[in-house]
Amino acid sequence: MLSHPPASAATPHSTFEPRIVAFFCNWCTYLAADLAGTSRMKYAPNIRVVRLMCSGRVDPQFVLNAFAHGADGVFIGGCHPGDCHYQEGNYKALRRYQLLRRVLKEMGIEEERFRLEWISAAEADRVRAAVNDMVEKVRLLGPLNFAVSDQQTELLGAEVVV
Amino acid sequence: MRYAYYPGCSLRGTGRAYEESLVAVFRALSVEIEEIDDWNCCGATTYMSVDELTSYALAARNLALAERDHTDIIAPCAACYLVLNKTQHYMREYPSIHLVVTRALGAIGLTYKGRVKVRHPLDILLNDVGVEAIAAKVKVPLNGLKVAPYYGCQIVRPYATFDDQRDPTSMDRLLSACGAKIVRYPLKTRCCGGSQKGTLPEVGLDLIHYLLMEAQKNGAEVISTVCPLCQFNLESFQKEAGDRHHPTSIPVLYFSQLLALALGAAPDSIGLQRGFVPIEPVLAGREITYA
Amino acid sequence: MPDVAIQSNPESSRIGVYVCHCGTNIAGTVDVRKLAAYAGQLPNVVVSREYKYMCSDPGQALIEQDIAEHKLNRVVVASCSPLLHEPTFRRTLGRAGLNPFLLQMVNIREHVSWVHLDKQAATQKTEDLVRAAVRRVSLHKPLEKRRVSINPSVLVVGGGIAGIHAALTLAEAGKQVYLVEREPTIGGHMAMFDKTFPTLDCAACILTPKMTAVGSHPNIELWTYSDVVKVDGYVGNYKVQVKHKPRYVNEELCIGCQECITACVYKEGKTPDEFNLGLSKRKPIYLPFPQAVPQIVVIDQDACIEFKSGKCKKTCIEACGERVAIDFQQKETFDEVEVGAIILATGFKTFSPDPNPHYGYGRYPNVYTSLEVERLINAAGPTGGEVVLRDGQHPKAVGIIHCIGSRDANTNRWCSKVCCMYSLKLAHLIKEHTGADIFNFYIDMRTPGKGYEEFYDRLLDEGVHFVRGRVAEVSDWAVHPSEEGKLVIRAEDTLAGFVRRVPVDMVVLAVGLEPQADAQEVRRLFNISCSTEGWFLERHPKLAPVSTFTEGIYIAGACQGPKDIPDSVAQAGAAAAEALSLIDAKFVELEPYTASVLEEECSGCKSCVPLCPYQAIAYVNETQKAHINEVLCKGCGTCVAACPSGSIRQNFFEDEEIFEEIEGVLTYA
Amino acid sequence: MELKRTVKFEADRDPEFARWVSHTVGGERIRHCLQCGLCSGKCPLSLYMDYTPRRLMHLSREGFKEEVLGSTSIWLCTACYACMVECPKKINVTHLLYALKERAIEEGRYPRRFAIPVMARQFSRMVRGRGRITESWLVLQVFMRTAIWRLLGMSRLGLKLLRAGRLPLRRETIQRQAEIATMLDSVATTRKELAL
């Protein structure tokens, strides 16, 4: 008789718990995460959210700093294109994200470790799905162990200025 | 245009005319088909009620064989079309099914990566060949032959993407291009009873009768089908259903027979002689002369 | 409530940490005792406590007392989302004489206890978050909110019953109101209805007096046939640009005599009448309906011969005579107004049943939508209130199908709330007008509301049939002689447990409510959010139902979700009250999260200048440095992140503060 | 007039069956069922059923296993998918009915000489043995095992088909027959391993 076990049961279990730092904008993604809470959705506890007013506030150095201090992944959440509370901060975030992704790739940090998502205030389920997805992907990659000094991150961060 | 051809069991039996006419149509339109090497039964829906997992493995063997040649599959039989597509969907949706099927294929040295598209001849003719190209090759226009287009269930539901699920029109468009007149047929996607005629005869007869009656009421001279089981049911039990309810006499053809006719094929070569309800009076009345 | 840690510390920061149980909301998943104990041994933490409800009076008193007793100069509260109680705890600090911005909130409810199941992992997460907050709060600086004055006028968008009611409420309170409506008249959907449920009072009788009041109120500037095209500014000081579409009739000169309509070269109307949903025809020059406000005609450019060929005899101008109200040269014009608050009451649209098989709308002439039937029943409608089919016959049997475009994953998932009640109303009215047999096909009868269930009861008594089952199909496929020439409704009668086929002459599709087609554009214009379904999103579903996440912008009526007339009016009143309470405060406090330039470090590269969407950054020639105008700055921080020399800083979101937070969540103690 | 007790006790329910239904392929969303009856209205065969598809959905999720597996409805489904594509809650009704049929066959819950399960079994046997179906043989086998007298009634049609060349008696077989058996063994092994 055919019944199917949940997908996660099929994936090999690992004791490694990724640490993911998230930067959520105050108006969309942070609200969506709040809504996920009021809707009692369940997702992986590996994420630590830092609230910023806008995804445009995410300085590349924040990302590098997080990786340098032991984050296995960094997640940026902003409003959908055209929906930014500050008109176009998320476009700036996107440009920086694209540049920074290249820099990170050169440094040997896998693409799955750095993620940008547009999540509106209503899309609680996307928070749930994106966090779970990212945690699983990073779990498969294993720990990052990316050790650079603060000074280095500052220099690298300066490469990505928009 | 080259495709892997998956005839399925019925096209080698009761549905022979379907295969004969399809081959003629494809030849006339320069569509190359190559029969999948050593294909096996798709499992059909019947198998699923006995052992669902096994039926996916059986279906997947055909997909894997076609994938070796990197071609899309043409599956004319509605049941085969559905089962092959369903297998694709389930392999994607359920990791456990994917695992079972992959292992079973591995046991006979096959792999399947999900690259094959399972397509129906209607889809190929409409989207790859095109209505204009077909219209340009019509040699014997159907001269306003009144056709009720009957799609049945499993071509449109639940997986077809090439046509509207509620109101499919692909066959209408192809036959119109050949000069046929499509009559309104609201029951075009209603079930013919499938294999129930064999297992629960009374039930099957009712369903068959509704379909025939409605076609006749709307002035159809011919019913055009896309499925060997629909064709068989509507034709073979027409008299029986008529005895029970109200007599009808409508030839039931495969859409490919009508297309082949318009493209100039000889009636004997496309299985017109295999039908039980005589077609000649209708064709003669419409002054459709064979090429 | 044990004191977990009281220690002295050498640094200048003296931090108190407060962990809230929120009943069992947090304590059920997070080990609050462990968390408080953990916080207690963090550097600079002087006191750490856990308490059942931190936001309660005793909870807040606890913090105030500690601030005094332990000379705390920083506070961390680990509880719910800062969007809920940050203002509360900031006030607590203020009362205790601390600057309110020396507070850091940790969201351990919405972001932890409600979304995780594993107690250990959840507690670990809260420890990380609290550690980060403790590190961050040490760097907090005292900040002052900015006070700005408020413009006392209000913009109301949408002239349906909600907009009308909100505008009148505000105008009666003596406020200047600008009411913008895109159609040539106000009235909205309610003006199209015949009667209203459950009292059956005539919609026009109760609506038109309010419409007239709007038209004549000295405090209301009514702009019909107009669109809001631009919104700038911020709470208390919005700048709004409104476009007036040309109606080719001078609004000042037209007196609404309608002689031009009679005189039009078209003897009969040829254009489908929007107000009657195409059930009748109108002329190119027309008044939407007799009670329209304002009583000013409008010319339909697409239908008028003069616009098409330029060769019309222009009998309308002749008829207007010396009033010369008709002006074919009219161009669109713009107005710009400043308002303190905005109320959006943009309403809904009805679901449009697609024309393929299923229910036969658009295929069978006698399948109508409920809104069309409202017009058929209306005495001022296309048939003068006579319910007749398209061939002029009176229906003998009518089927009303509920939930069209509602409660259906293939169309709209939500319940549209009003359809059950309006279907009952239509059933009653059709029966009254025709004596026909009426069959209601429903899934669930939803009649919560004052007098609603009683109305249902009345319909049961009147002999209307109720079949519980979603209709599978409407077709003209006859199986039984009694079905010939009829529309056959096929549905399972789920209460009887078998399928029924019901032949009828007329089918009414009870269409659901949907967000307006341009709801997304409107919300972008006003910088508010939509739910996934496309309804405008309220700030809080229970406690701030008419507020939005953008201060000073309120929502009322069905633009927020399906709503009947009583609820829309109630909401409109609430939105007006919210707006009043805002503007009557005379000034508003703005968050101090603005950015500023550290002049000594600025290299004058100007890369920040084009980044600011509010033109708050200017390059000062004299100093050769950038300068940020704090009044214009909205505090997004984009320029801060972009400054190559790191010489722009943002209040409350200083680089160092964020670095502390990042390192704090990552550094395991 | 025969009187029948219709009350149901909690003991009549099989919660394990209900759990199985909502976890089986096709049953995922069954708990969302609104009981609106659209499936029954769409079904071309519901007029012959003892329990309409809607009632089956509810009986299944509540765990009334006897009623569900003993129902004629599951055998009447022709897999036309009319119910499934229109379901307002996107419940995979047709897929679920397959699972119910499979369960009923597995538990031997069907009338003796009932043609549908017999046909299903004969069909699967033929595929296992030969890799393809030969319609003539399949029909023959089904009637032998269900209603042999009906073969007589069918003989005229059979003859017509034979004459039209539509009922070849030669049995279709694939070349690499062994592959089918190998696959079946593999499926059985994996099934056991994953406890599916």
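Everything numeric here is computed off the predicted structure, so don't read it as measured data.

Novice: Go over the overall build of chain C with me, naming the residues and quoting the values.
Specialist: The helix and strand tally for chain C stands at 17 helices and 35 strands. Taken along the three principal axes of its C-alpha coordinates, chain C extends 95 × 70 × 40 Å. Across the 669 residues of chain C, 59% fall into the buried class. Residue pairs in contact within chain C that sit at least 24 positions apart in sequence constitute 70% of those at least 6 positions apart. Carbon and sulfur atoms make up 51% of the accessible area of chain C, which amounts to about 26,900 Å² in all.

Novice: Explain the sheet that holds strand E11 (residues 220–223) of chain C to me, using residue names and the numbers behind them.
Specialist: Residues and elements named next belong to chain C. Across the sheet, five strands lie side by side as E11-E8-E7-E19-E30; this open sheet has parallel pairing. The sheet is open, and its two borders are formed by E11 and strand E30 (553–555), each paired with just one other strand. For this sheet, the mean angle separating the axes of adjacent strands, direction not counted, is 20°. Docked against the sheet, helix H6 (residues 161–172) engages strand E7 (154–157), strand E8 (177–180), E11 and strand E19 (341–344), running at close to 165° with respect to E8.

Novice: I'd like a description of the pattern of salt bridges, backed by residues and values.
Specialist: Pairing is possible between side chains that carry opposite charge, provided their charged atoms lie close to one another. By the definition in use, this model includes 85 salt bridges over all chains. A salt bridge links Lys217 of chain B to Glu484 of chain C; the shortest N-O distance between them is 4.0 Å. Placement of Lys217 of chain B in helix H10 (residues 201–217) and of Glu484 of chain C in the loop between strand E25 (471–475) and strand E26 (487–493) is noted, with the two residues assigned to different chains. The class for Glu484 of chain C is partly exposed, based on a relative accessible area of 49%.

Novice: Explain unusual backbone geometry to me, using residue names and the numbers behind them.
Specialist: For the bond running from Arg157 of chain B to Pro158 of chain B, omega is -10°, close enough to zero to count as cis. Structurally, Pro158 of chain B can be placed in the loop between strand E5 (146–149) and helix H8 (170–177). Following Val293 of chain C, the chain continues into Pro294 of chain C via a peptide bond in cis, with omega recorded as 0°. Phi at Arg407 of chain C is positive, roughly 50°, even though this residue is not glycine. Among the residues examined, Arg407 of chain C registers a relative accessible area of 9% and is labelled buried. With a phi close to 70°, Lys417 of chain C is a non-glycine residue in the positive phi region. Look at Lys417 of chain C and you get partly exposed, because its relative accessible area is 46%.

Novice: Can you tell me about the domain arrangement of chain B, naming the residues and giving the values?
Specialist: Residue and element names in this part refer to chain B. For chain B, the domain assignment lists domain 1 (2–119) and domain 2 (131–285). One C-alpha centre belongs to domain 1, the other to domain 2; they are set 24 Å apart. At the interface, 26 residues of domain 1 touch 25 residues of domain 2. The contact between domain 1 and domain 2 buries some 2,000 Å² in all, and 70% of this surface belongs to carbon and sulfur atoms. Considering only the surface of domain 1 that becomes buried against domain 2, Tyr18, Leu29 and Tyr81 emerge as the three largest contributors, covering 26% of it. Secondary-structure elements contributing two or more residues to the side of domain 1 that touches domain 2 are helix H1 (16–28) and helix H4 (78–93).

Novice: Before we move on, could you go through the interface of chain D and chain B and cite the residues and values that matter?
Specialist: With 62 residues of chain D at the contact, the number on the chain B side is 69 residues. Regarding the contact of chain D and chain B, the summed buried area is about 5,900 Å², with carbon and sulfur atoms giving 62% of it. Our count for the contact surface shared by chain D and chain B stands at eight salt bridges. Across the pair Asp51 of chain B and Arg128 of chain D runs a salt bridge whose closest N-O atoms are separated by 3.9 Å. For the interface between chain D and chain B, the tally reads 24 residue pairs in polar contact (both at pLDDT 80 or more). Secondary-structure elements contributing two or more residues to the side of chain D that touches chain B are helix H5 (73–76), helix H6 (82–86), helix H7 (93–106), helix H8 (115–130), helix H9 (135–145), helix H10 (150–163) and helix H11 (177–194) of chain D. Looking at the side of chain D that touches chain B, the element that brings in the most residues is H11 of chain D, giving 11 residues. Partitioned by chemical class, the residues of the side of chain D that touches chain B number 36 nonpolar, 10 polar and 16 charged.

Novice: Break down helix H5 (residues 124–141) of chain A for me, with residues and values.
Specialist: Residue and element names in this part refer to chain A. Counted at 1.5 Å a residue, the expected span for H5 with its 18 residues is 26 Å, and the 26 Å between its end C-alpha atoms agrees. Ala124, Val127, Ala130, Val131, Met134, Val135, Val138 and Arg139 are the residues of H5 that are buried. Buried residues along H5 cover an arc of 160° about the axis, so they all sit on one side. Summarising the contacts, the buried residues of H5 are in contact with strand E1 (20–25), helix H2 (29–38), strand E2 (47–52), strand E3 (73–78) and strand E4 (114–118). A positive phi of about 90° marks Gly142, the residue just after H5.

Novice: Can you break down the environment of Val297 of chain C residue by residue, with the values?
Specialist: Residue and element names in this part refer to chain C. Mapped onto the secondary structure, Val297 falls in the loop between strand E16 (285–286) and strand E17 (298–299). Here the alpha-carbon distance between Val297 and Leu222, two residues 75 residues apart in the chain, equals 15 Å. Beyond its immediate sequence surroundings of up to four residues, Val297 is in contact with Arg247, Val249, Cys254, Gln258, Cys260, Ile261, Ile285, Tyr286 and Leu287.

Novice: Outline a negative patch on the surface, listing residues and values.
Specialist: On the surface, Glu453, Glu454, Asp457 and Asp461 of chain C cluster together into a negatively charged patch. Counting through the fold element by element, Glu453 of chain C comes out in helix H13 (residues 452–461).

Novice: Explain empty space enclosed by the protein residue by residue, including any values.
Specialist: On inspection of all chains with the given rule, the structure shows 12 cavities of 30 Å³ or more. Empty space within the largest cavity amounts to approximately 260 Å³. What lines the largest cavity is a set of 20 residues, and nearest its centre among them are Tyr30 and Val49 of chain A together with Gln104, Met105 and Glu661 of chain C. Those elements giving two or more residues to the lining of the largest cavity turn out to be E2 of chain A together with helix H3 (82–95), strand E5 (103–107), helix H5 (119–137) and helix H17 (655–666) of chain C. Ranked by residue count, the leading element in the lining of the largest cavity is H5 of chain C, at five residues.

Novice: Got a sec to walk through the nonpolar core? Specific residues and values, please.
Specialist: One broad trend across soluble globular proteins is that nonpolar side chains are buried collectively. Membership of the largest hydrophobic core comes to 172 residues, with the highest contact counts inside it found for Ile73, Ile97, Leu125, Ile223 and Phe255 of chain B together with Leu100 of chain D. What Phe255 of chain B contacts, discounting residues up to four positions off in sequence, is Tyr18, His120, Pro121, Leu122, Leu125, Met171, Leu174, Leu175, Ser224, Thr225 and Val226 of chain B. Among the nonpolar cores identified, the runner-up in size contains 99 residues, and Tyr86 of chain A together with Ile67, Ala78 and Leu129 of chain C belong to it.

Novice: Now, about the sheet that holds E2 of chain A: what can you tell me, with residues and values included?
Specialist: Strand order in this open sheet of four strands is E2-E1-E3-E4 (chain A), and the pairing throughout is parallel. The two strands at the open ends of the sheet, each matched to only one other strand, are E2 and E4 of chain A. The mean inter-strand angle of the sheet, taken between neighbouring strand axes irrespective of direction, is 20°. As paired strands, E1 of chain A and E3 of chain A are joined by five bridges and run parallel to one another. When the sheet's bridge partners are listed, Ile20 of chain A is paired in E3 of chain A with Gly73 of chain A. Against the sheet, H2 of chain A engages E1, E2 and E3 of chain A, with an angle of about 110° to E1 of chain A. Here H17 of chain C sits on the sheet and contacts E1 and E2 of chain A; the angle it forms with E2 of chain A, its principal contact strand, is near 170°.

Thresholds, definitions, all that
Residues numbered from 1 in each chain as written. Chains lettered and ligands numbered in written order. Predicted model: local features only at pLDDT ≥ 70, side-chain atom pairs only at ≥ 80, totals over all residues. Heavy atoms only, no water. Helix = DSSP H or I, 4+ residues; strand = E, 2+ residues; numbered from the N terminus. Buried < 20%, exposed > 50% of the residue type's maximum accessible area, 1.4 Å probe, protein only. Contact = heavy atoms within 4.5 Å. Areas by Shrake-Rupley, 256 points an atom, 1.4 Å probe, with all protein chains shown as cover. Pairing = 2+ DSSP bridges. Axes fitted to C-alpha atoms, helices over the stretch in contact; angles between N-to-C directions. Salt bridge = Lys/Arg side-chain N within 4 Å of Asp/Glu carboxyl O. Domains from an automatic or database assignment. Buried area = accessible area lost by both parts, 1.4 Å probe. Polar contact = N/O pair within 3.5 Å; in protein donor to acceptor, adjacent residues only side chain to side chain. Nonpolar A, V, L, I, M, F, W, Y, C, P; charged D, E, K, R; others polar. Expected span 1.5 Å × (residues − 1). Arc of directions from axis to C-beta. Patch = residues over 30% accessible without salt bridge, like charges linked within 9 Å, V, L, I, M, F, W, Y side chains within 5 Å. Lys, Arg positive; Asp, Glu negative; His and termini not counted. Charge placed at Lys NZ, Arg CZ, Asp CG, Glu CD. 1 Å grid on protein atoms, 1.4 Å probe; cavity = no way out; pocket = protein on both sides within 12 Å on 5 of 7 lines; lining within 4 Å. Points joined across faces, edges and corners; volume = space filled by probe spheres on them. Core = buried A, V, L, I, M, F, W, Y, C linked by side-chain atoms within 4.5 Å.

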